[in-house]
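Take a look at the letters that make up each chain.
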Number of protein chains: 2
Amino acid sequence: MSLRNALLGVLSLREMSGYDIKRSFDHAVHFVWNAADSQIYRELRDMEKHELIVSHLVQQDGKPNKRVYRVTEHGLATLDEWLRSPAEAPFDKEPFLMRLFFMGRIDRDDAIRVLSERRDEIRALLAVASDRLEMYSDLSRTEHPEMLWWQVRLIKGFEHTQTAQLEWIDSLLDELRTQVERDHGTEVPGLMSED
Amino acid sequence: MSLRNALLGVLSLREMSGYDIKRSFDHAVHFVWNAADSQIYRELRDMEKHELIVSHLVQQDGKPNKRVYRVTEHGLATLDEWLRSPAEAPFDKEPFLMRLFFMGRIDRDDAIRVLSERRDEIRALLAVASDRLEMYSDLSRTEHPEMLWWQVRLIKGFEHTQTAQLEWIDSLLDELRTQVERDHGTEVPGLMSED
DNA sequence: ATGGCCATGTAAACGGTTACATGATTGG
DNA sequence: CCAATCATGTAACCGTTTACATGGCCAT
């Protein structure tokens, strides 16, 4: 039911069409949740059936018509109930860590490559996070200042934890590279800064 | 297919029954992956059909008989191919962070409770991690020293990143508590160390 | 006698992914 | 002219979770 909560959450900010929500997911909620369009549309219909949201059609010209959704009182109550409930258990599926668990099977060079790729991905995510943070600082005029407070903290937390993960990966890469140098010792001499 | 890879991984260490694997998941792989028994048994049968593993029945007395699985060459090749392939994308579903994203909706006291609970859970996980690390240091006699190296690094990485997350949550709790104090100002006076 | 360990499963439901379909408008 | 944007969906599939079933052994 996490997608349902995510949808209630974004609709609590303002009424939106499925398409708006998808864009919202792609840019703002992106660090935190994601879903395919088809899943969003299906879930919205289902939520309307359960009276968590209501919709009306909006006629448009030059563009396809759209169906705009708004949260009901019942929907808001459901959202808040979730927010107040005990948090989901942390950590149960971490494909990347699982992979490292068995990484001893393959060559150090391959391991180095896998880790480097992940390092680059994290750096890219951190860049996006830092952009987002700048964006937030521009936007002081919001309908929802309480929301902004949390969203800023969230991005900062994201930066903090991802930086920690980066540090760890970098230290692993260092260890692995010194092992490689030690291994083929003088055979392959001055090769200290390939990245 | 992540469960499949996890199963190939544990079976690459030694041959095991479904039940052994479940216990192995509960204790060692626990930080990294988890699965219900029913899913494990089903997946094992399916993997045998695909010739990634083979099994034989082991007669036991005093205990129910069991089916013990062993990885085939094809299974090992599949495992290694996965290990060498680009890593799964980081971060796409984080229910706890998503919750924080919308946390502005509820009272600070409720938010404090939710965060405190998570903080306690992380502390508990860190305690388990630290135990595991001690356990590993005792066990120098292993059939798979290369595996041990990675598993130790993995736990250390886990400690590192979870500690970072803890720091962040603690700082949030600090901020929230000072806000609460500021809010009902002198009304509720000496209330500085409820935890 | 009660509950935990050993051991393996079936069945149904749920949540999420992937592939595909449609079609008009706008900007480079 | 081509690609992107706007807009909504269907269908099939896959992986995971949950509930339930069975039954002997052993220790408290």
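Residues numbered from 1 in each chain as written. Chains lettered and ligands numbered in written order. Predicted model: local features only at pLDDT ≥ 70, side-chain atom pairs only at ≥ 80, totals over all residues. Heavy atoms only, no water.

1. Considering the packing of aromatic side chains
Residue and element names in this part refer to chain A. Convention followed: Any two of the Phe, Tyr and Trp rings considered here, Trp counted by its six-membered ring, make a pair once their centres fall within 6.5 Å; the pair's planes then place it as stacked at under 30 degrees, edge-to-face at over 60, or tilted in between. Think of it this way: any DSSP run of H or I at least four residues long counts as a helix, any run of E at least two long counts as a strand, and we number them from the N terminus. For each residue, the accessible area found with a 1.4 Å probe, counting protein chains only, is set against the maximum for its type, and the residue is called buried under 20%, exposed over 50%, and partly exposed in between.
Taken as a whole, this structure holds six aromatic pairs over all chains when the rule is applied. Ring geometry for F31 versus F158: centroids 4.5 Å apart, planes at 50°, classification tilted. Remark: F158 occurs in helix α7 (residues 145-183) and F31 occurs in the loop between α2 (18-27) and α3 (37-49); sequence separation between them is 127 residues. Here the two residues F31 and F158 agree in accessibility, since each one is buried.

2. Side note on the sheet that holds strand β3 (residues 66-71) of chain A
Residue and element names in this part refer to chain A. Selection rule: Pairing between strands requires that DSSP locate at least two bridges from one strand to the other. Contact criterion: two residues are considered in contact whenever any of their non-hydrogen atoms come within 4.5 Å of each other. Axis definition: a line fit to C-alpha positions, over the contact stretch in the case of helices; interaxial angles, taken between N-to-C directions, run 0 to 180 degrees.
Spatial strand order, β1-β3-β2: three strands in an open sheet with antiparallel pairing. If you trace the sheet from one side to the other, it starts and ends with β1 (16-17) and β2 (53-58), each paired once. Sheet analysis places β1 next to β3, joined by two bridges and oriented antiparallel. Residue pairing across strands places M16 opposite Y69, the latter belonging to β3. Against the sheet, α3 contacts β2 and β3, and its axis sits at roughly 120° relative to β2.

3. Brief notes about the pattern of salt bridges
Stated formally: A carboxyl oxygen of Asp or Glu within 4 Å of a side-chain nitrogen of Lys or Arg is what we treat as a salt bridge.
Scanning all chains against the criterion turns up 28 salt bridges over all chains. For B:R113, the salt bridge is made with B:E117, and the minimal N-O distance between the two is 3.8 Å. Of this pair, B:R113 and B:E117 are both found in helix α6 (residues 108-138), four residues apart, which corresponds to roughly one turn of the helix. Across the salt bridge formed by B:R119 and B:D120, the nearest N and O atoms sit 3.2 Å from each other. For B:R119, a relative accessible area of 3% translates into the label buried. Taking the relative accessible area as the measure of exposure, B:D120 reaches 41% and is therefore partly exposed. The structure contains a network of salt bridges with shared partners spanning A:R4, A:E43, A:D46 and A:K49.

4. Examining the packing of α7(A) against helix α7 (residues 145-183) of chain B
Basically, it comes down to this: Convention used here: angles under 35 degrees read as roughly parallel, angles over 145 as roughly antiparallel, angles from 65 to 115 as roughly perpendicular, and any remaining angle as oblique. A crossing counts as left-handed when the near helix is turned anticlockwise from the far one by less than a right angle, and as right-handed when that turn is clockwise. Ten residue types, Ala, Val, Leu, Ile, Met, Phe, Trp, Tyr, Cys and Pro, are classed as nonpolar, four, Asp, Glu, Lys and Arg, as charged, and the remainder, Gly among them, as polar.
Following both chains from N to C, one finds α7(A) and α7(B) inclined at 160°, their axes separated by 10 Å at the closest point. As far as their axial angle goes, α7(B) and α7(A) are roughly antiparallel. As for how α7(A) packs across α7(B), the hand of that crossing is right-handed. Grouping the constituent residues of the contact of α7(A) with α7(B) by class yields 14 nonpolar, 10 polar and six charged.

5. Regarding the protein's contact with DNA strand D
Under the convention used in this document: Being near a molecule or strand, for a residue, means having at least one of its heavy atoms within 4 Å of it. Two N or O atoms form a polar contact when they lie within 3.5 Å of each other; inside protein one atom must be a possible hydrogen donor and the other a possible acceptor, and for residues adjacent in sequence the pair counts only when both atoms belong to side chains.
Surrounding DNA strand D, one finds 25 residues, the nearest of these being A:Q60, A:R67, B:M1, B:S38 and B:Q39. Sugar plus phosphate, as a fraction of atoms of DNA strand D within 4 Å of the protein: 62%. A:R45 places a polar side-chain atom, nitrogen or oxygen, 2.9 Å from a phosphate oxygen of DNA strand D. Here B:R42 contributes a side-chain N or O atom positioned 3.3 Å from a base oxygen of DNA strand D. Elements with a contribution of two residues or more to the surface near DNA strand D: α2, α3 and β3 of chain A together with α3 (37-49) of chain B. Element by element, the count of residues in the surface near DNA strand D is highest for α3(A), at four residues. Of the residues in the surface near DNA strand D, the class split is eight nonpolar, eight polar and nine charged.

6. Some words on unusual backbone geometry
Residues other than glycine seldom take positive phi values, yet A:E51 does so here, at roughly 60°. Among the structural elements, A:E51 can be located in the loop between α3 and β2.

7. Some details on the protein's contact with DNA strand C
If you check the shell around DNA strand C, you find 24 residues, and the closest are A:M1, A:S38, A:G62, B:Q60 and B:R67. When atoms of DNA strand C within 4 Å of the protein are sorted by moiety, sugar and phosphate together comprise 64%. At 2.8 Å, a side-chain N or O of A:Q39 approaches a phosphate oxygen of DNA strand C. Here a phosphate oxygen of DNA strand C sits 2.9 Å away from a polar atom, N or O, in the side chain of B:R45. Where the surface near DNA strand C is concerned, the elements lending two or more residues are α3 of chain A together with α2 (18-27), α3 and β3 (66-71) of chain B. The element contributing the most residues to the surface near DNA strand C is α3(B), with four residues. A class-by-class count of the residues in the surface near DNA strand C yields eight nonpolar, eight polar and eight charged.

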